[in-house]
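# Results of the structural survey
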Amino acid sequence: MRSSRVTMRSTKPFVIRCRKIIDQMDSDKDNYTTEAELLAWIKYAHGRWVREDTDKQFALYDQDKDGHITWGEYAQQVYGHLLSDELKGEEFYDIADKDKETYRKMMIRDERRFKASDKDGDMIATRDEFTAFLHPEEYDYMKEIVITETIEDIDKNGDGVVNVDEYIADMYTPEAGEPEPDWVKTERQQFLDFRDMNKDGKMDRSEISHWILPHDYDHADLESKHLIFESDKDKDGKLTRKEILDNWNMFVGSQATNYGEDLTRRHDEF
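Residues numbered from 1 in each chain as written. Predicted model: local features only at pLDDT ≥ 70, side-chain atom pairs only at ≥ 80, totals over all residues. Heavy atoms only, no water.

## As for the overall build of the chain
Put simply, the rule reads: Labels follow the DSSP assignment, with helices taken as runs of H or I lasting at least four residues and strands as runs of E lasting at least two, numbered in each case from the N terminus. The classification of residues rests on relative accessible area computed with a 1.4 Å probe and restricted to protein chains. Under 20% of the type maximum is buried, over 50% is exposed, and intermediate values are partly exposed. Working rule for contacts: check all heavy atoms of both residues, and any pair within 4.5 Å makes them a contact. Residue burial considers only the protein chains on display, and all accessible areas are found by Shrake-Rupley using a 1.4 Å probe.
Counting its secondary structure elements, the chain contains 12 helices and six strands. Residue burial in the chain is summarised as follows: out of 270 residues, 37% are buried. For the chain, contacts bridging at least 24 residues in sequence account for 55% of all contacts bridging at least 6. Summed over all atoms, the accessible surface of the chain reaches about 15,800 Å², with 51% contributed by carbon and sulfur.

## With respect to the packing of helix H2 (residues 35–61) against helix H5 (residues 127–134)
Selection criterion: Axis lines are fitted to C-alpha atoms, over the contacting stretch for helices. Their N-to-C directions set the angle, which ranges from 0 to 180 degrees. Throughout this description, any angle smaller than 35 degrees is read as roughly parallel, any larger than 145 degrees as roughly antiparallel, any in the 65 to 115 degree range as roughly perpendicular, and the remainder as oblique. In this classification, the charged set is Asp, Glu, Lys and Arg, the nonpolar set is Ala, Val, Leu, Ile, Met, Phe, Trp, Tyr, Cys and Pro, and all remaining amino acids, among them Gly, are polar.
For the pair H2 and H5, the least separation of the axes is 10 Å and the interaxial angle reads 110°. Classified by the angle their axes make, H2 and H5 are roughly perpendicular. Between H2 and H5, the contacting residues are Val50, Asp53, Thr54, Asp55, Gln57, Phe58 and Tyr61 on the first element and Arg127, Phe130, Thr131 and Leu134 on the second. Residues of the contact of H2 with H5, tallied by class, amount to five nonpolar, three polar and three charged.

## Focus: the environment of Asp221
Looking at where Asp221 falls in the secondary structure, it is placed in helix H10 (residues 219–231). For Asp221, a relative accessible area of 24% corresponds to the partly exposed category. Here the alpha-carbon distance between Asp221 and Leu38, two residues 183 residues apart in the chain, equals 8.9 Å.

## Description of the pattern of salt bridges
To be explicit about the condition: Think of a salt bridge as a Lys or Arg side-chain nitrogen and an Asp or Glu carboxyl oxygen that are within 4 Å of each other.
Evaluated as defined, the whole model comprises 15 salt bridges. Residue Arg188 is joined to Glu180 by a salt bridge in which the shortest nitrogen-to-oxygen separation is 3.1 Å. Among the residues examined, Arg188 registers a relative accessible area of 25% and is labelled partly exposed. Across the salt bridge formed by Asp221 and Lys225, the nearest N and O atoms sit 2.9 Å from each other. With Asp221 and Lys225 both in helix H10 and four residues apart, the pair spans about one turn of that helix. Among the charged side chains, a network of salt bridges with common partners joins Arg109, Arg112, Arg113, Glu149, Glu152 and Asp153.

## Quick look at the nonpolar core
What counts here: Within this scheme, the nonpolar core is defined by two criteria: the residues are buried Ala, Val, Leu, Ile, Met, Phe, Trp, Tyr or Cys, and they are joined through side-chain atoms within 4.5 Å.
Counting 19 residues, the largest nonpolar core has Met25, Leu38, Ile244, Trp248, Phe251 and Ala256 as the members making the most contacts within it. The set of elements that each furnish at least two residues to this core consists of helix H1 (12–25), H2, H10 and helix H12 (248–252). If you tally residues by element for this core, the top one is H2, at five residues. Not counting residues within four places of it along the chain, the set of residues in contact with Leu38 comprises Met25, Thr33, Ser224, Leu227, Ile228, Phe251 and Ala256. Membership of the second largest hydrophobic core comes to 14 residues, among which are Trp71, Tyr74, Phe114 and Phe130.

## Description of the confidence of the model for the chain
The condition that has to hold: One confidence number per residue, pLDDT, is output by the predictor and ranges from 0 to 100.
In the predicted model, the chain carries a mean pLDDT of 88, and 86% of its residues have values of at least 70. Scored below 50 in pLDDT, residues 3–10 shows 18 contacts in the model against residues more than four places distant or in partner chains. The low-confidence segment residues 85–89 (pLDDT under 50) makes three contacts with residues lying over four places distant or belonging to another chain.

What follows is the structure, given as structure tokens:
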């Protein structure tokens, strides 16, 4: 998840941008932001970020400006300085030996994801296919590659599944002699009670899918409910401008402000 780059400041431009965002969230202009309005705004802000990120990277990698990106164009831009010199016939010739395998795996992984996003198999990505390559979690047909990459990232012993120690190691590295924090103990119990659904001591592909891509879980809906709960001081189910500004640090760390990045935008960019 992206983290906030912005901290709360009392400067006039910051406050003005906060108010502009609040005005945008209040779609019916009744001076209140409801949960439905907040949910709609979060989904809009996330979709805009995905589109803008794709636009930026598409322009970078579409070298011949034909409106498509081939695997060759992408690989040349990302790995061109690492690829073999045909005269030397040596892969990653300018990289230290110890790093060559890492780069090779990165390129293989990118190529596999590129192929998965390429619906017609021609290794030429349309804008939509390139969006799926960059943001596979946004596309149902990319589900399997998201699961595969998650396993590869967490499964340290290479057995194709994730045990509780691997699950914990992905989020916590203990210091020597340090007792395990309570939140880590809670996560261990979460693994046993909820993640490992068939109680065999590990998460397989199906269980990992349920964990990272749950069918009954909407991140935007959960976030909107959380922001309302934490900021709605009079418990009337909607937020005034003052309630939002009083708890603005929480909004800065959420999708409602694109994790703070929207606070650098001009009003006409929303």
